[in-house]
Amino acid sequence: MTRVVVTVMPREGVLDPQGQAVQGALGRLGFAGVTDVRLGRRIELELDGPDPRAAAQEMCERLLANALIEDFSIDLED
Amino acid sequence: MTRVVVTVMPREGVLDPQGQAVQGALGRLGFAGVTDVRLGRRIELELDGPDPRAAAQEMCERLLANALIEDFSIDLED
Amino acid sequence: MTTTPLHRQLGLTDDEFVRIPELIGRAPSDAELVMFSLMWSEHCSYKHSRRLLRRFPTTAPQVLQGPGENAGAVDVGDGWAVALKIESHNHPSAVEPFEGAATGVGGIVRDILALGARPIALLDSLRFGTLESARSRHLFTRAVAGIGHYGNCIGVPTVGGEVAFDDRYEDSCLVNAMCVGLVRSDGMLKSAAFGDGNLLVLIGNRTGKDGIGGASVLASAELSEDDADKRPSVQVGDPFTERKLMDCCLELAGADLFLALQDFGAAGLTSAASEMAAKGGVGLDIDLNQIPLREAGMTPAEILVSESQERMLGLVAPSQLDAVIAVCTRWELDANVIGVVTSTGNFTARHNGEIVVDIPALALTDDAPAYDVPQIPADAPSPLNLDDIAAPDDLADAWRALLARPNVASKRWIYEQYDHLVGANTIRRPGGDAAVVRIPGMQRALALTTDCAERHCEIDPRGGGRATVFEAARNIACTGARPYAASDCLNFANPEKGNTGWRLAEVIEGLSEALESIGVPIVSGNVSLYNESPARAIYPTPVVGMVGLLEDARTSVGHGFVADGDVVILLGGGRARFDASEWVGDAIGAPERPDLDDEARLIAATLRITATGRVHSAHDVSDGGIAIALTESALAGNVGCHVQLAEDRRNDEVLFGESGGRILVTCAPDALDAIREAAADAPCAIIGTVGGDTVSVEIGSEIISLDLTDARAVYELTLPKAIA
Amino acid sequence: MVAVVRFPGTLDHDSAARAIHAAGGTAIAAWHQDTELPAGTTAVVIPGGFSYGDHLRPGAIASRSPIMDAVRRHADAGGLVLGICNGFQVLCEAGLLPGVLRTNATTSFVCRQMTLEVIDHDTPFTRGLTDTLSIPIKNHDGAWFGDPATARIVLGYGPDNPLGSVASAAGVANHAGNVLGLMPHPEEAVDPLLGSVDGLGLFAALVRA
Ligand SMILES: Nc1ncnc2c1ncn2[C@@H]1O[C@H](COP(=O)(O)OP(=O)(O)O)[C@@H](O)[C@H]1O
Ligand SMILES: [Mg+2]
């Protein structure tokens, strides 16, 4: 059993309205010096199988990320 | 300027409908051996200021995470 | 240090604790004690209100199901019934407003579903502290988001509701949700279990530690400083599963595969199963190991009282089990046989082969204690002295300022976050008096509203109860629909303290008298007590959800002015006063107690008038008085008006004063005679004409007017600005 | 016959079927696990809703279901496919339409009557339609994001672009014009009682096919 962490973030250069909304909200709450906020997803998978990284890579390509607007990265924990 | 990464995940024991839906979808796509999926948020902040960790901690408590149903963790990158 | 005995920690009194061994013939196990504490809590047993609730009128020719089942139902013709119920989710929403409000919607939807009815509309009724308070802004915005999220995602339109902000709700916000559903009269399901050997099938989500103890600990006691310790694990809504549960259960009900159906509400399995058993006079033998769990290591007590959402309990004949499982599988829902009907009359639960609970089901339900609440009348109110209320320097400015109050301004910010259309049956959208929803597949339509006159209830609970019912009925009648059935949610402070018990009884009396006068039965309801903190108690807030029936959907009437030159008519004889009005913004003065005959006559006249087919608009005069009602009709129709009002009081009171029993109607000049004739014995005065781009009111020698563009900006931008 | 595709969480299938009837056609249900469209299908509508609860990304999970392969074959053969709201999201996620639908600029659900501009009258769906249509929107993730230079934008919100779509796009077609996705809900505008009949034309196009 391997725990695989997939991180999906909006692509560089793609506008992130939710990140902006959070940045605005932080500003209104009085937090100064927040110069950028980006919002993404963290997906924790428990995988049973021989090559969890390759499996996760395929999952990302087929479902977990939308290549048009998102980048993903994969980390294995143990 | 510090990049701070906030990870927000559903609390242990709290229903995670998103994770369940993704787990089901991966199964239907033919991925075997996915025994658990949990979905959370990754928030990347660019912070200007003396104590970015303390600032991020307060942001989590006041806005970024919902302590009743979510756990958060904070990492500083450089 | 002495430790508090378990039963007291669980909220049972010593007297109640003593009764348990008398009922079951031995000392209860811990699991049984927990079950008693929940089932005998206010939330589940209504122990402080049950006796008073008997006062409600609950019979009428149209009633197919009165109070007592998961929801009430009335006959709407052609073999169809409409189910309705309103319920509170106040305490969970105060703890976590998004999930609390969302699961409130989910819960009321399952009550309707339990009748085998298809949910077709939702409404809400909300109370928060003023929007100057950051906490109230947070609770308000998150509760609205939660209601929207859940309702939108399950595809039931949220077509109306109401909201008010007042300091009295700062510590105890109110989140009430109402659901209306449609079911074949002959296919309506009950919850009573029967038939030795029939199977209990749990359908839906897995069971986790959600909301454990919610019913007794949270909803049956005042919120106080040490709330953090009392917080159960918060229930998280899963509307996607709810939608599948709806689709699946309706398919099963349609195929006659359920013998009975019950939702899981407060106290979870304990309440669902004991009610099914008690109602049917049978026993149930439940194997807790057959319940799919989300977490390992849950104790029997936790499994028995978990309030995990999106679960239903069906009673299924053994021969039908395979068919039931097949449908659930198609909907990708877990379905498990967790128990069987027995003839013992006992609620029996096993865990790892051992019997952990074995008590008469009736002991949990029918034997629950019932108490009288103290009846201490409050002092009689005295009318406001107008000299104590400063007259505004400029009436037009005052008008704009009133329009800019969150209680008066447009609620568009709320209802645009709700899908109020899904289903393609919404004929009158939110923003007017009552919403109008076509009954799917029929020419008939329903008019729907929620209302409450809480300031009036505080001062004169009998009168406020009447005012609440009549406001709802007027809202319904303005659309042309006949007030047909009602559900109520009695939100009160601690009934064991001060005048609250008396207020509760008086409000129930007032609601009942008014309902009787217009022939509308209460078919379901809910009680939420202890809405108070050490600092403040809420106003008595008896929210009434009312359903009206319109024979022909095409004939519904809206509240917006229609055409230049139309005549503006004021129906009803109510006298505008500042007592308890939005203008004074406080429960002060002595508002006139609505007269039962006058109000009933006005509603009957309104229905005769709309039935002429000649009415262009109708609008109830409520918060903010006639000036605000005229503005709302003008804004909705995007055309102004000029009216003349008699100068019988100070001009500000003529404009902004409130009373029951007034409705604005417009029609073409050539329809006037027909309308007057239809009004018959109800007061009917021509007060002006529709037209122009200002709303102007002439009182004696003074003309006060408001530019429509100006008014629209104030009306629409207030709420978005207040929460930004 | 117009096939109405249904996933778990689809909400507007009945309304879409009624709209098809109102336009003079016959509707037939297609289930997400089916591998073929119903026999006799001449056009396809993917109605609105929250398929799979909108989890992960709206339309993402539904777009990977078996029925979508059949819809793809139908589209490749030139058949008409109309995706409404969640259906639009599904078609984008399936790669049958360009771009993707993202969270509204308001970051909230928006339910509002809108005036749409018909920008491209040269698709089988929009031929003969009036220049403006009154149709409501109701969605949480309705901001179209894509390359306006290469996409065929068929419907627009005009200057009032409440959701924050690129190029104010409300509806986008594939190059051939036989696959159209739009966020507004034409099935809520097929009956004078609902306030507008401007949505009928789109269903009439499906029925004609
Ligand atoms: N919380 C809410 N949810 C949905 N609609 C609301 C809400 N609050 C107000 N509305 C809508 O705004 C309109 C005006 O509300 P209100 O002022 O309470 O009407 P009335 O005075 O006729 O009872 C109604 O159509 C109502 O349905
Ligand atoms: Mg009204």
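Residues numbered from 1 in each chain as written. Chains lettered and ligands numbered in written order. Predicted model: local features only at pLDDT ≥ 70, side-chain atom pairs only at ≥ 80, totals over all residues. Heavy atoms only, no water.

Novice: Before we go on, may I ask you to explain the confidence of the model for chain C in this structure?
Specialist: Atom-level detail of predicted coordinates should not be read off regions where pLDDT is low. Residues and elements named next belong to chain C. When pLDDT is averaged along chain C, the result is 95, and 97% of the positions lie at 70 or above. This stretch, residues 223-231, has a pLDDT under 50; its non-local contacts, to residues over four places away or in other chains, come to 13 contacts. The complex prediction reports pTM at 0.95, with the ipTM value standing at 0.93. (pLDDT = per-residue confidence, 0-100. Contact = heavy atoms within 4.5 Å.)

Novice: Where do I start with the interface of chain B and chain C in this structure?
Specialist: Interface size is commonly expressed as the accessible area that is lost once the parts come together. Across the boundary between the two partners, chain B contributes 9 residues, which contact 13 residues of chain C. A combined buried area of about 1,000 Å² lies between chain B and chain C, and 62% of that area is made up of carbon and sulfur atoms. When residues of chain B are sorted by the area they lose upon contact with chain C, B:G13, B:L15 and B:L68 head the list and together hold 52% of the total. At the boundary of chain B with chain C, the tally comes to 1 salt bridge. Across the pair C:E332 and B:R28 runs a salt bridge whose closest N-O atoms are separated by 3.3 Å. Partitioning the side of chain B that touches chain C into residue classes produces 5 nonpolar, 3 polar and 1 charged. (Buried area = accessible area lost by both parts, 1.4 Å probe. Salt bridge = Lys/Arg side-chain N within 4 Å of Asp/Glu carboxyl O. Nonpolar A, V, L, I, M, F, W, Y, C, P; charged D, E, K, R; others polar.)

Novice: It is not clear to me how the environment of C:A600 should be interpreted in this structure. Could you clarify?
Specialist: Residue and element names in this part refer to chain C. Tracing the backbone through its elements, the reader meets A600 in helix α21 (residues 596-611). Separated by 19 residues in sequence, A600 and S581 have C-alpha atoms that sit 22 Å apart. Those residues within four positions of A600 in sequence are excluded, and the remaining contacts are F470, S517 and I518. (Helix = DSSP H or I, 4+ residues; strand = E, 2+ residues; numbered from the N terminus.)

Novice: It is not clear to me how the side chain of C:R462 should be interpreted in this structure. Could you clarify?
Specialist: Residues and elements named next belong to chain C. Tracing the backbone shows R462 in helix α19 (residues 461-478). Among the polar contacts made by the side chain of R462, one reaches the side chain of E506 at a distance of 3.2 Å. Dropping the residues within four chain positions of it, R462 is found in contact with E506, E509, G510, E513 and R593. (Polar contact = N/O pair within 3.5 Å; in protein donor to acceptor, adjacent residues only side chain to side chain.)

Novice: I tried to follow the nonpolar core on my own but got confused; where do I start?
Specialist: Nonpolar side chains in soluble globular proteins generally cluster together in the buried interior. The biggest cluster of nonpolar side chains holds 89 residues, and the ones touching the most others in it are A:V6, A:L45, A:L64, D:M68 and D:V71. Residue contacts for D:V71: discarding those within four places in its chain leaves D:V5, D:L37, D:V44, D:I46, D:V81 and D:L96. C:C173, C:F258, C:V324 and C:C328 belong to the second largest nonpolar core, which has 64 residues in total. (Core = buried A, V, L, I, M, F, W, Y, C linked by side-chain atoms within 4.5 Å. Buried < 20%, exposed > 50% of the residue type's maximum accessible area, 1.4 Å probe, protein only.)

Novice: Can you walk me through the sheet that holds strand β22 (residues 641-645) of chain C in this structure?
Specialist: Paired through their backbone hydrogen bonds, the strands of a sheet run either parallel or antiparallel. Residue and element names in this part refer to chain C. Here we have 7 strands laid out as an open sheet, ordered β21-β23-β20-β24-β22-β25-β26, and mixed in their pairing. Bordering the open sheet on either side are β21 (615-620) and β26 (702-707), each of which pairs with just one other strand. Direction aside, neighbouring strands of the sheet carry axes that sit 25° apart on average. Across 5 bridges, the pairing between strand β20 (residues 567-571) and strand β23 (residues 663-667) is antiparallel. Among the inter-strand pairings, L571 is bridged to a residue of β23, identified as I663. (Pairing = 2+ DSSP bridges. Axes fitted to C-alpha atoms, helices over the stretch in contact; angles between N-to-C directions.)

Novice: Would you mind going over the coordination of the magnesium ion (ligand 2) with me for this structure?
Specialist: Residues and elements named next belong to chain C. The magnesium ion (ligand 2) binds to the protein through D433 (OD) and N475 (OD1), with metal-donor distances spanning 2.1 to 2.4 Å. With D433 in the loop between β14 (426-428) and β15 (435-438) and N475 in helix α19, this pair connects stretches of sequence that are 42 residues apart. Accessibility expressed as a relative area gives 15% for D433, which makes it buried. The class for N475 is buried, based on a relative accessible area of 3%. (Donors = N, O, S within 2.8 Å, 3.2 Å for Na, K, Ca; no water.)

Novice: For this particular structure, what's the right way to read the environment of D:L116?
Specialist: All names here are of chain D. Looking at the element boundaries, L116 is found in strand β6 (residues 110-118). Overall, L116 belongs to the buried group, its relative accessible area being 0%. Separated by 82 residues in the primary sequence, L116 and D198 place their C-alpha atoms 10 Å from one another. Sequence-distant contacts of L116, that is, excluding residues within four places in its chain, are made with D131, T132, L133, I135, G156, Y157, A170 and P184.

Novice: Could you clarify how one ought to interpret the site of ligand 1 in this entry?
Specialist: Residue and element names in this part refer to chain C. Not every one of the 17 residues close to ligand 1 is listed here, only the nearest: D124, G431, G432, D451 and S622. Between G431 and ligand 1, the recorded distance is 2.6 Å, taken from a backbone N or O atom to an oxygen atom. Within the complex, 89% of the 550 Å² of free accessible area of ligand 1 lies under protein. At the level of elements, β4 (118-128), β5 (158-165) and α19 are the ones that each hand at least two residues to the shell around ligand 1. Along the lines of polarity and charge, the residues of the shell around ligand 1 split into 5 nonpolar, 6 polar and 6 charged. (Near = heavy atom within 4 Å. Areas by Shrake-Rupley, 256 points an atom, 1.4 Å probe, with all protein chains shown as cover.)

Novice: Could you clarify how one ought to interpret the sheet that holds strand β9 (residues 283-287) of chain C in this entry?
Specialist: Residue and element names in this part refer to chain C. Spatial ordering of the open sheet is given by β8-β10-β7-β11-β9-β12-β13, a layout of 7 strands whose pairing is mixed. The open sheet has two edge strands with one neighbour each: β8 (260-263) and β13 (354-360). If you compare each strand with its neighbour and ignore which way they point, the axes differ by 20° on average. As paired strands, β9 and strand β12 (residues 346-351) are joined by 4 bridges and run parallel to one another. Its bridge partner lying in β12, L284 is registered against F347. With respect to the sheet, helix α3 (residues 30-39) is in contact with β12 and β13, its orientation differing from that of β13 by roughly 40°.

Novice: What is the right way to read the environment of A:G24 from this model?
Specialist: Residue and element names in this part refer to chain A. The residue G24 is located in helix α1 (residues 17-28) in this model. Taking the relative accessible area as the measure of exposure, G24 reaches 30% and is therefore partly exposed. Considered as a pair, G24 and C60 are 36 residues apart in the sequence and their alpha carbons are 30 Å apart.

Novice: Help me understand the domain arrangement of chain C, please; the structure alone is not making it clear to me.
Specialist: As assigned here, chain C comprises domain 1 (13-37 + 189-367) and domain 2 (557-724). On a C-alpha basis, the centroid separation for the pair domain 1 of chain C and domain 2 of chain C is 51 Å. (Domains from an automatic or database assignment.)

Novice: Before we go on, may I ask you to explain the packing of aromatic side chains in this structure?
Specialist: A ring pair, where both rings are aromatic, is described by two values, the distance of the centres and the angle of the planes. Per the stated rule, a full pass over the model turns up 10 aromatic pairs over all chains. Ring centres of C:F140 and C:W413 lie 5.4 Å apart, and the angle between their planes is 45°; on these two criteria the pair is classed as tilted. Residue C:F140 is found in helix α8 (residues 134-154), and its partner C:W413 is found in helix α17 (residues 412-415); the two are separated by 273 residues along the sequence. The exposure class assigned to C:F140 is buried, which follows from its relative accessible area of 0%. Judged by centre distance (5.8 Å) and plane angle (15°), the ring pair of C:F578 and C:W583 falls under stacked. The two residues C:F578 and C:W583 agree in class, both being buried. One aromatic cluster is present, formed by C:F128, C:F140, C:F165 and C:W413 through successive ring pairs. Over the ring of D:W31 we find C:R330; its NZ or CZ atom is 4.1 Å from the centre of that ring. (Phe/Tyr/Trp six-rings, centres within 6.5 Å; stacked < 30°, edge-to-face > 60°. Lys NZ or Arg CZ within 6 Å of the ring centre and 35° of its normal.)

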